[in-house]
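Inside the fold
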Amino acid sequence: MKLLVTGGAGFIGSAFVRMALSGTEDLALGNLDVLSYAGNLENLVSVSDDTRYRFFKTDVADAAGVEAVFAEFQPDAVVHFAAESHVDRSIHSPEPVIRTNLNGTFTMLEAARRHKTARFLHVSTDEVYGSIDEPHDADEEYPLRASSPYSASKAGSDLLALSYYTTYKMNVSVTRASNNYGPFQFPEKLIPLMIANALEGKQLPVYGDGMQIRDWLYVDDHCRAIRAVLDKGRAGQVYNIGGSRALPNIEVVQRILAATGHDETLIKYVADRPGHDRRYAITSEKVERETGWKPQVEFEAGLAETVRWYKENAAWIANVRSGAYRDFYEKNYGAR
Ligand code: NAD
Ligand code: DAU
């Protein structure tokens, strides 16, 4: 199979690429990535010499560039990860989010349509359902109530992807995963930010009262689910992928403090995120029933492995915390 992955230099995409190439499967894997601030070829050092792997430095919203990749690589299947993925950045600067997440998905779908690509998997998020009140858990029919420019752009791109099934009969599926964590995650998201700050003895900025609830999914479990949906998912269907581990943010932060040998004096409660969703909660019953997938990594084990990885990869953290990272950090946290 010739598999084209977009956003394969990011956190989840690179885990998927490493996993796909870890066996001896007869596979040609193309990685289409523009290398935004979140894209890092250091995440792919372990596969860069694999003869089954090719890298295309291309913007998903550049129609001519995407067409050239399709014409040359002729993929049988696409797994579309590429996105602007951070909610806070989408609040400060929505424009790149709309361009990449909406226009980029459109460009990818159009190329797949022209080239009659056999399978298209659009990677999306549980954030499209917005905040979910107790005691409900969202299934795939739950209304879309996106709160941030990021989640609205993902909801829009989900609908666009599904319209290519309805209108053009393309073999499209959509996955909606909960909060991922694990090695190689950019230290702007809650878990890697808190670990990186704690390792330096810096303050841990908790938004609002810290009682917002997220459902944590280890990145390798997410990648296994994506592979299962790619192989066994039905066209025109949406599949939720949850970690079955809902925790308030403050509890996650307390666990990170314990794992890094600090006490709670490092916690700093700061101004809340505008439009902050209180609770995410999804049911993954459909993907489990149709593909046999289940999450395998318990939160305790996944968090321990993640803390270990960040402790041992100080150079990776230092490298991604470039001047541009410091500008974002000051913009997001300076006034809080
Ligand atoms: P990430 O920010 O770590 O990586 C995004 C990747 O996309 C980077 O390699 C970046 O260079 C690339 N990219 C950005 N703009 C691009 C463009 N215009 N053209 C080509 N490549 C571009 O993101 P992630 O956390 O790995 O998320 C991957 C996907 O999974 C996204 O679609 C996101 O919405 C979805 N998702 C993420 C989570 C999570 O918790 N991180 C949960 C559910 C769904
Ligand atoms: O639910 C899936 C989504 O999870 C993905 O679609 C997104 O790409 C991913 O970024 C993530 O979105 P969240 O907004 O939930 O993740 P984030 O790590 O930014 O924040 C998690 C929670 O922690 C959220 O309630 C906000 C809070 N938080 C976050 C940061 C960065 C803090 O309290 N302090 C912080 O500094």
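Residues numbered from 1 in each chain as written. Chains lettered and ligands numbered in written order. Predicted model: local features only at pLDDT ≥ 70, side-chain atom pairs only at ≥ 80, totals over all residues. Heavy atoms only, no water.

**Some points on the side chain of Ser 148**
Following the sequence through the fold, Ser 148 ends up in the loop between strand S5 (119-125) and helix H5 (149-168). The exposure class assigned to Ser 148 is buried, which follows from its relative accessible area of 8%. There is a polar contact of 3.0 Å between the side chain of Ser 148 and the backbone nitrogen of Ser 151. If sequence neighbours within four positions are ignored, Ser 148 has contacts with Val 87, Ser 90 and Glu 127. (Helix = DSSP H or I, 4+ residues; strand = E, 2+ residues; numbered from the N terminus. Buried < 20%, exposed > 50% of the residue type's maximum accessible area, 1.4 Å probe, protein only. Polar contact = N/O pair within 3.5 Å; in protein donor to acceptor, adjacent residues only side chain to side chain. Contact = heavy atoms within 4.5 Å.)

**Some details on the site of ligand 1**
Taken together, 28 residues are adjacent to ligand 1, and Asp 33, Phe 81, Ser 85, Tyr 150 and Lys 154 come closest. Between ligand 1 and Asp 33, the relevant distance is 2.5 Å, taken from an oxygen atom to a side-chain nitrogen or oxygen of the residue. Contact distances for ligand 1 include 2.9 Å between a nitrogen atom and a side-chain N or O atom of Asp 59. Compared with its free state, where it exposes 840 Å², ligand 1 has 96% of that area covered by protein. Contributions of two or more residues to the shell around ligand 1 are made by helix H1 (11-20), S5, H5 and strand S7 (179-181). Per-element accounting of the shell around ligand 1 gives the leading share, three residues, to S5. Residues of the shell around ligand 1, tallied by class, amount to 13 nonpolar, 12 polar and three charged. (Near = heavy atom within 4 Å. Areas by Shrake-Rupley, 256 points an atom, 1.4 Å probe, with all protein chains shown as cover. Nonpolar A, V, L, I, M, F, W, Y, C, P; charged D, E, K, R; others polar.)

**Remarks on the pairing of S5**
Looking down a regular strand, the side chains alternate between one sheet face and the other. Within S5, seven of the seven residues are buried, which leaves it mostly tucked inside the rest of the structure. Covered by surrounding structure in S5 are Arg 119, Leu 121, Val 123 and Thr 125 together with Phe 120, His 122 and Ser 124, the residues of both alternating faces. Across four bridges, strand S4 (residues 77-80) lies against S5 in parallel orientation. Bridge assignment links Val 78 to a residue of S5, and that residue is Phe 120. Where S5 meets strand S6 (residues 172-177), six bridges bridge the pair, whose relative direction is parallel. Directly across from Ser 124, in S6, lies its bridge partner Arg 176. Traced from S5 through H5 to S6, the parallel crossover comes out right-handed. (Pairing = 2+ DSSP bridges. Right-handed = clockwise from strand over helix to strand, strands pointing away.)

**Some remarks on the layout of surface pockets**
In this structure, the second largest pocket spans a volume of roughly 150 Å³. Around the second largest pocket, the lining residues are Tyr 37, Glu 84, Arg 89, His 92, Ser 93, Pro 96, Phe 328 and Lys 331. Counting residues per element, the ones that place at least two in the lining of the second largest pocket are helix H3 (87-92) and helix H12 (323-333). When grouped by side-chain class, the residues that make up the lining of the second largest pocket number three nonpolar, two polar and three charged. (1 Å grid on protein atoms, 1.4 Å probe; cavity = no way out; pocket = protein on both sides within 12 Å on 5 of 7 lines; lining within 4 Å. Points joined across faces, edges and corners; volume = space filled by probe spheres on them.)

**A look at the sheet that holds S6**
Overall, parallel pairing links the seven strands, which are arranged S3-S2-S1-S4-S5-S6-S10 in an open sheet. Of all strands in the sheet, those with a lone pairing partner are strand S3 (53-57) and strand S10 (238-241), marking the two edges. When the angles between neighbouring strand axes are averaged without regard to direction, this sheet yields 20°. (Axes fitted to C-alpha atoms, helices over the stretch in contact; angles between N-to-C directions.)

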